[in-house]
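# An overview of the molecular structure
Each chain, letter by letter, is given below.
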Amino acid sequence: MDILELLKQDARLTPKELAVMTGKSVEEVEKVIKQYERDKVIAGYSAVINWEKARDNIVVAFIEIKVTPERDYGFEEIAKRIYSYEQVKTCYLMSGAFDIAAVVEGSDLKEVALFVAQKLSAIQGVTATSTHFVLKKYKENDLIFEEEEKDRREAIVL
Amino acid sequence: MKKPGEFIREEVRNTPPSGIRKYFDMLSGLSDVISLGVGEPDFVTPWQIRESAIYSLEKGRTHYTSNTGLLELRQAVCNMLRKKYNLDYNPLNQIIITVGASEAIDIAIRSIAGPGDEVIIPEPCFVAYKGCVNFAGATAVPLQLKEENRFKLTVEQLKECVTKKTKALILAYPNNPTGAIMTKEELRPIADYLSTKDIVVISDEIYADLTYGTKHFSFAELENMHDKVIYVNGFSKSYSMTGWRLGYVCAHKDIVAEMLKIHQYAIMCAPSFVQYAAIDALEQCEADVERMRKQYDARRRYIYNGLIEIGIDCFLPEGAFYVFPNIKKTGLTSERFCDRLLMEHKVLAVPGTAFSSAGEGYFRATYASSLENIKEALKRMERFVNTL
Ligand SMILES: Cc1ncc(COP(=O)(O)O)c(C=O)c1O
């Protein structure tokens, strides 16, 4: 596995551990990571948290947004106005029936609904929104949120 | 009158049970044990393959297949062998789908060797070979592989073991338990020597997909031996399908026709829905095999480095998913080392002696275990080694 694959799996691996597992020197690993960080290949490091378990007042919604692209800027400026809100956790430009997808978090349904109605819908160029509330997260970032299945292997065979 | 146990044939009675059974008893009563004693992947079978088995059950594919296995599966295996290992086997008459590589090994040995015959088994090795040779009534001739040769077989050693009675050599690279591999250049002299003899090679290449430096080279690819090789492989290790019990054996058609009789009468056929799923495994899951291989590779480097750092001598394994560290300098026997490691520090590893007396002074630990487990096991081993 290369450094990126290993970090994707566990961002806590130390440069020394990464060096061992990729057969590179520690200095080399540190240099490569620095470069990735500078180039924004590695955009950041964060834990994948199952918020449903940590707190009970969290609501997540997936918002489909239709927009009329702006002359000169296309979708970029509108997208920026959308993703700049702190409530928007994820934002994608999409192909298909709508243009932009945003994942919005809030502490209750009303808060999220109001945010969509008052903020997102009001952005110039946004022509329609459709809000889908997330009922349960099964998997995120390659990680399955259910209890890990335990190792079912016999401790020793043959 | 005979007691019930006395009805048992001598060959069976005289074969000891697997040397690691005692750990079952030692394990009960211990909690929080990290087992590096397992010989199978920690990954579950890729979902696509499991789903495909469910589908085949849903469709009612629950009947016997042909004795040699589903033609479509035989074709898929032969295509894969051609593509990956440059091996040319005819799906119509040169392959049998078996119940694991285990069955393939058994029918290969039983077809070739019987009373009065000798089978050379390079050791340390997978535990089943010797048993199968014993049950066939033949004689197992041990050949002790050496760490200084990186546990590779040399022609010189082989020559010393060959007699007029030698019928077969068992070759198993990438190797369980040592993690050794053999390259084309290293295999060629073996083939050149054997091509002048009436000796069959049973080549157990079940870890073929799991090599970490050079790509695996199959002994069967060597022209002058091709017709005298019985090629064994299976789905257990590459595809994480140990519990499915599916393997295959390929050879010259005249050998396959004879082996098929044993398979026919003893087994009938491998489970049908498993065979259907295996077609999908071969045709659609190459990326999964590679994903798992890369994980093993990272863990291999980690555990090797960890062992060296805590002062345990070890040779860098190049295939399979085992390390085989040398513990001679601790002054403990393999068994004592592993017993104490388990009882005092709750890490289960397998003493080298489980893989024949040639394994004395070594233990086998698998890195088919999560990195977390490997890290914790290394910490515990360090504590143990520091008390010695
Ligand atoms: C070298 C070797 N051959 C064969 C087998 C048996 O494989 P299967 O599950 O296909 O019977 C094993 C399993 O541990 C093995 O290590």
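For the structure itself, look to the data block above.
First, a word on what this report is: a plain description of the structure on this page. (Residues numbered from 1 in each chain as written. Chains lettered and ligands numbered in written order. Predicted model: local features only at pLDDT ≥ 70, side-chain atom pairs only at ≥ 80, totals over all residues. Heavy atoms only, no water.)

Residues and elements named next belong to chain B. Lining the immediate environment of the ligand, one finds 13 residues, of which A101, S102, D204, S236 and K237 sit closest. S102 is positioned such that a nitrogen or oxygen atom in its side chain is 2.6 Å from an oxygen atom of the ligand. Within the contact set of the ligand, an oxygen atom lies 2.6 Å away from a side-chain nitrogen or oxygen of K237. Taken by itself the ligand offers 400 Å² of open surface, and the protein chains cover 93% of this. Among the elements that make up the shell around the ligand, the one with the highest residue count is helix α5 (residues 100–112) (4 residues). Class assignment of the residues belonging to the shell around the ligand gives a composition of 6 nonpolar, 4 polar and 3 charged. (Near = heavy atom within 4 Å. Polar contact = N/O pair within 3.5 Å; in protein donor to acceptor, adjacent residues only side chain to side chain. Areas by Shrake-Rupley, 256 points an atom, 1.4 Å probe, with all protein chains shown as cover. Helix = DSSP H or I, 4+ residues; strand = E, 2+ residues; numbered from the N terminus. Nonpolar A, V, L, I, M, F, W, Y, C, P; charged D, E, K, R; others polar.)

Looking now at the interface of chain A and chain B. Taken together, the contact pairs 17 residues of chain A with 27 residues of chain B. On inspection of chain A and its partner chain B, the count reaches 3 salt bridges. Across the pair B:K294 and A:E5 runs a salt bridge, and its minimum N-O distance is 2.9 Å. Counting every contact that joins chain A to chain B gives 8 residue pairs in polar contact (both at pLDDT 80 or more). Only α1 (3–9) and α2 (15–22) of chain A provide two or more residues apiece to the side of chain A that touches chain B. Tallying contributions element by element places α2(A) first for the side of chain A that touches chain B, with 5 residues. Split into classes, the residues belonging to the side of chain A that touches chain B amount to 9 nonpolar, 3 polar and 5 charged. (Contact = heavy atoms within 4.5 Å. Salt bridge = Lys/Arg side-chain N within 4 Å of Asp/Glu carboxyl O.)

All names here are of chain B. One can describe the packing of α5 onto helix α6 (residues 128–135) by two numbers: an axis separation of 9 Å at closest approach and a directional angle of 40°. Relative to α6, the element α5 lies oblique. Relative to α6, α5 is oriented so that their crossing is right-handed. Counting all contacts with α5, which are made through I105, D106 and I109, the residues of α6 involved are Y129, C132 and V133. Class assignment for the residues of the contact of α5 with α6 results in 5 nonpolar, no polar and 1 charged. (Axes fitted to C-alpha atoms, helices over the stretch in contact; angles between N-to-C directions. Parallel < 35°, antiparallel > 145°, perpendicular 65-115°, else oblique. Left-handed = near helix turned anticlockwise from the far one by under 90°.)

Before going further, it helps to spend a moment on the sheet that holds strand β2 (residues 88–93) of chain A. To summarise the sheet geometry, strands pair through backbone hydrogen bonds and adopt either a parallel or an antiparallel arrangement. Residues and elements named next belong to chain A. Ordered by their spatial adjacency, 4 strands build an open sheet running β2-β3-β1-β4, and the pairing between neighbours is antiparallel. Strands with a single pairing partner mark the edges of an open sheet, and in this sheet they are β2 and β4 (126–133). Neighbour to neighbour, the strand axes of the sheet diverge by 20° on average, direction disregarded. Direction of pairing for strand β1 (residues 59–67) relative to strand β3 (residues 100–106): antiparallel, over a ladder of 7 bridges. Bridge pairing links I63 to A102 in β3. Across the sheet, helix α5 (residues 76–83) touches β1, β2, β3 and β4, and the angle it forms with β2 is around 165°. (Pairing = 2+ DSSP bridges.)

Note that side chains of opposite charge can pair when their charged atoms are close. One pass over the structure, following the stated rule, counts 30 salt bridges over all chains. Measuring nitrogen to oxygen at the nearest pair gives 2.9 Å for the salt bridge that ties A:E140 to A:K137. We classify A:K137 as buried; its relative accessible area is 19%. Between B:R293 and B:E290 there is a salt bridge; the shortest N-O distance is 3.0 Å. In this pair, B:R293 and B:E290 both sit in helix α11 (residues 286–309), 3 residues apart, roughly one turn of the helix. Residue classification places B:E290 among the partly exposed positions, given a relative accessible area of 33%. (Buried < 20%, exposed > 50% of the residue type's maximum accessible area, 1.4 Å probe, protein only.)

Quick look at the sheet that holds strand β9 (residues 322–323) of chain B now. Residue and element names in this part refer to chain B. Pairing is antiparallel across the open sheet formed by 3 strands, whose spatial order is β9-β12-β11. Of all the strands in the sheet, just β9 and β11 (350–351) have a single pairing partner and so form its edges. Two elements, β9 and strand β12 (residues 363–366), share 2 bridges in a ladder whose sense is antiparallel. What sits directly across from V323, in β12, is A365.

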